[in-house]
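Chain residues, written in single-letter form:
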Amino acid sequence: MNRLWLAAAASVVALGAAVAAPVYPPFGLDLTARDTAVKPGDDFFQYANGAYLARTGIPSDRPSASRRLEMTDRMEAQLHILMEDAAKAPVGNDNRYKVGTFYSAFMDEAQAERLGAAPLRPELDAIRGAPDRAALAGLMGQAESGLYPALFGIGLDTDLKHPDRYAAYIGQSGLGLPDRDYYLKPELAAKRDAYRAYAAKLLGLAGWPDPARAADAVIAFETRVAEASWSKVQQRDLNALYNPMSPADLRTMAPGFDWAPMLAAAGVSGKAQVVAAEKSAFPKLASIYAETPVDTLKAWMAFRTADAAAPYLSKAFVAAHFDFHGRVMTGQSEMRPRWKRAIIAVGGGDCGADPQSCFGTIAWAVGDLYAQRYFPPETKAKVTILVGNLKAAFRGRIEKLDWMGPATKQEALKKLDTYTIKVGYPDTPQRDYAGVTIRRDDLLGNVRRAAAADWAFLVRRSDGPVDRAEWSMTPQTNDAYNGSLRDIVFPAGILQAPIFDAAADPAINYGAIGGVIGHEMTHGFDDQGRTIDASGALRDWWTPADAAAFKARADRLGAQYATYEPVPGFHINPGLTMGENIADLGGLSIALDAYHRSLGGKPAPVIGGLTGDQRVLLGWAQAWAGKMQPDAIKAMTVGDPHSFRKFRVNGVVRNIDDWYAAFGAAPGQALYLKPEDRVRIW
Ligand SMILES: [Zn+2]
């Protein structure tokens, strides 16, 4: 019955009920979410969200609870209707039939149980039967198009120095834990031990001989790989990651690894040039590969292949996978219901932030169906106007920056003008699934065929000119990005309350989606984005004086963030989070500016006793409301470039003068900074 209600509600929106009430009545803020016993100047995040945080528990099947996840819940309910409905589609070769069939195949738990480990057999047989390291390297070449792991990953993306064409990037890979720190830091030893037990468990389920001993060898191997790998902070330096060379140079630089069979299996052996990313790690990884016994490499490949396949196999695999990835790594106590896992298996997760989460899916088919059914064209129009205002505000702020010289400013404005803004869903089809066979009785086969088709598409595409109309996130993604095509993309999934509500007071939309739009725009100009020029090429267009002035400000902001401790013993890493923190500060500053401009010289109305600036700032603060299990916060603090949500609010507002004026934050209050200590970048 919920389904009918949701479907009906969605069609009302789709028909364009312009006078609809906001999701949070009466004007778009959740007034009941606040904790007014707390002074905004002491903890603005708590002031804006305290009552919401107190009344909201973390569901046992999730690592966190938040407004953003409530948006995901709404969307999942819509996708559930859509897929249940597609499961009734008549047999055909169309997207709706394929989505429904893939979904039904995932939902068939009895079939998965009957098959046990059998669907894994083709990969395990190939690994077992490989006569030597070269044959294993050939299997690693199928990592992008199938279930195998690899010591080196391949990505086909825009060439950073020649933005009109594509390049084949080769990068370090091989770790099953989210970051090298997990292998090397004593405070993460418990996670490493759990990972070892998980490896033994999966190898046992897969029928691998002597699984406990094999797991020890696998962890020792990955630990060596971790030691040789670059850190996430090192990986932020795009210039250091751009090392074009011929495949022959690759062999000279990193002998010991069998490059030829790997590149051939990936379908990229015809490339005259590849780009080696973490260059200094390559010879070390190649030596590790050459020195590791073939049996250990085989056990490693068997474990990691089983890990990739586990969510699609029988209960024993699914439970082991959840115990480790869910319970141990993110503190979840219960698995998500099967239909929710089915939605991700067919339609993907956040492909932009984690391309792996769209691996083996037919996510674009789901995206087309989703946008047609649930995304009203007037939302696309309204957001496009908002984005235009934000762009104008950013332009005005760049013109007025006191630390940037005129030559750099000119280049910056030129770059800003080349940005395209994409809203809701792509205007051109992104993938054609006509040639992909989806079978009701072959779940893992569907995953394999979808992954292979996707990789074949990317290989084919890599020989042609760059398509600037392309999207990297599906419409059903609850996220946004600033891409290598100088585009800023807001999929339909993120354009929901409280991030955007067409019926809300505009000030709130400026604070929430406006802040996010501003955030994404500044990424094109931060320590990483500024290495790309107006043509899209990797080129430093900043004068040394501007770079020094920017760095001085960034370092002062970083010093503030280094003092924040989201969970005892784990401080925010200012280097890792630098780009995101600067983007948050710039985004909210630009959003306030854009709101002021939108008033056209008139004073902002007072609504519900709140001034315009108060509503903008509360819009931002409420958009980030949420909490997380301590284990998930730890994982985030170690490996995520975003700061924990509380600091995306408190860490930002205390540097903005308008916030002090709006909420009267005063000396002696915890967030108070003297005017000369406030950092202004954008
Ligand atoms: Zn960002």
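Numbering of residues starts from 1 in each chain and follows the order in which that chain's sequence is written. Predicted model: local features are reported for residues with pLDDT of at least 70 only, side-chain atom pairs are reported and counted for 80 or more only, and whole-chain, interface and lining totals are derived from all residues. Based on all heavy atoms of the structure, the side-chain values leave hydrogens and waters out of the count.

Describing the overall build of the protein
Phase 1: A helix here means a DSSP run of H or I that spans at least four residues, while a strand means a run of E at least two residues long, and both kinds are numbered starting from the N terminus. Within the protein, the secondary structure is distributed over 28 helices and nine strands.
Phase 2: Here the C-alpha radius of gyration of the protein, 25 Å, is about what a compact globule of 682 residues would show, namely 26 Å.
Phase 3: When its C-alpha atoms are laid out on the principal axes, the protein stretches across 75 × 60 × 50 Å.
Phase 4: Throughout, exposure labels follow a simple rule: accessible area from a 1.4 Å probe, protein chains only, divided by the maximum for the residue type, with under 20% read as buried, over 50% as exposed, and the rest as partly exposed. In the protein, which comprises 682 residues, the proportion classed as buried is 57%.
Phase 5: Sequence-distant contacts, at least 24 apart, represent 73% of the contacts inside the protein between residues at least 6 apart.
Phase 6: By element, 56% of the accessible surface of the protein is carried by carbon and sulfur atoms, the whole surface being about 26,200 Å².
Phase 7: Just so you know, the count uses Lys and Arg for positive and Asp and Glu for negative, and it drops His and the chain ends. By convention, charge coordinates are those of NZ in Lys, CZ in Arg, CG in Asp, or CD in Glu. Of the charged side chains in the protein, 76 are positive and 76 negative, and the gap between their average positions amounts to 1 Å. The quantity called the radius of gyration is restricted to C-alpha atoms. Its globule counterpart is 2.2 Å times the number of residues to the power 0.38. We call two residues contacting when some pair of their heavy atoms lies within 4.5 Å. In this description, accessible areas are obtained by the Shrake-Rupley approach with a 1.4 Å probe, and a residue is regarded as covered only by the protein chains that are shown.

A short note on the pattern of salt bridges
Phase 1: For this analysis, a salt bridge means a side-chain nitrogen from Lys or Arg found within 4 Å of a carboxyl oxygen belonging to Asp or Glu. Counted according to the given criterion, the structure contains 42 salt bridges.
Phase 2: Here Asp454 and Arg431 are joined by a salt bridge, their closest N and O atoms 2.6 Å apart. Of this pair, Asp454 sits in helix H21 (residues 443-461) while Arg431 sits in the loop between strand E6 (420-424) and H21, and the two are 23 residues apart along the sequence.
Phase 3: Residue class for Asp454 comes out partly exposed when judged on its relative accessible area of 26%.
Phase 4: Three or more residues joined by partner-sharing salt bridges are found here, namely Arg62, Asp73, Glu76, Arg336 and Lys340.

Examining the coordination of the zinc ion
Phase 1: Around the zinc ion, the protein contributes the donor atoms His519 (NE2), His523 (NE2) and Glu580 (OE), at 2.0 to 2.1 Å from the metal centre.
Phase 2: Each metal site lists N, O and S donors within 2.8 Å (3.2 Å for Na, K and Ca). With water left out of the atoms, a site can look as if it is missing ligands. Each donor residue of the zinc ion lies on the same chain, and together they follow the pattern H-x3-H-x56-E. On the criterion of sequence distance, the pair formed by His519 in helix H22 (residues 506-523) and Glu580 in helix H24 (residues 574-598) is long-range, its members being 61 residues apart. Taken individually, His519 and Glu580 each receive the classification buried, so the pair is uniform in this respect.

A closer look at the sheet that holds strand E7 (residues 481-482)
Phase 1: Should DSSP find at least two bridges between two strands, the strands are taken to pair. With respect to topology, three strands assemble into an open sheet ordered E6-E8-E7, the strand pairing being mixed. Here the strands that pair on one side only, and so sit at the sheet edges, are E6 and E7.
Phase 2: Relative to strand E8 (residues 487-491), E7 is paired through two bridges, and the arrangement is antiparallel. Its bridge partner being in E8, Tyr481 is matched across the sheet by Val489.

Quick word on the pairing of E8
Phase 1: A large share of E8 lies buried, amounting to five of its five residues.
Phase 2: Burial along E8 is two-sided: Asp487, Val489 and Pro491 facing one way and Ile488 and Phe490 facing the other are all buried.
Phase 3: Pairing analysis gives five bridges linking E6 to E8, with the strands arranged parallel. Within the sheet, the bridge partner assigned to Val423 lies in E8 and is Phe490.
Phase 4: Count of turn residues in the E7/E8 antiparallel hairpin: four residues, of which Arg486 carries a positive phi of about 50°.

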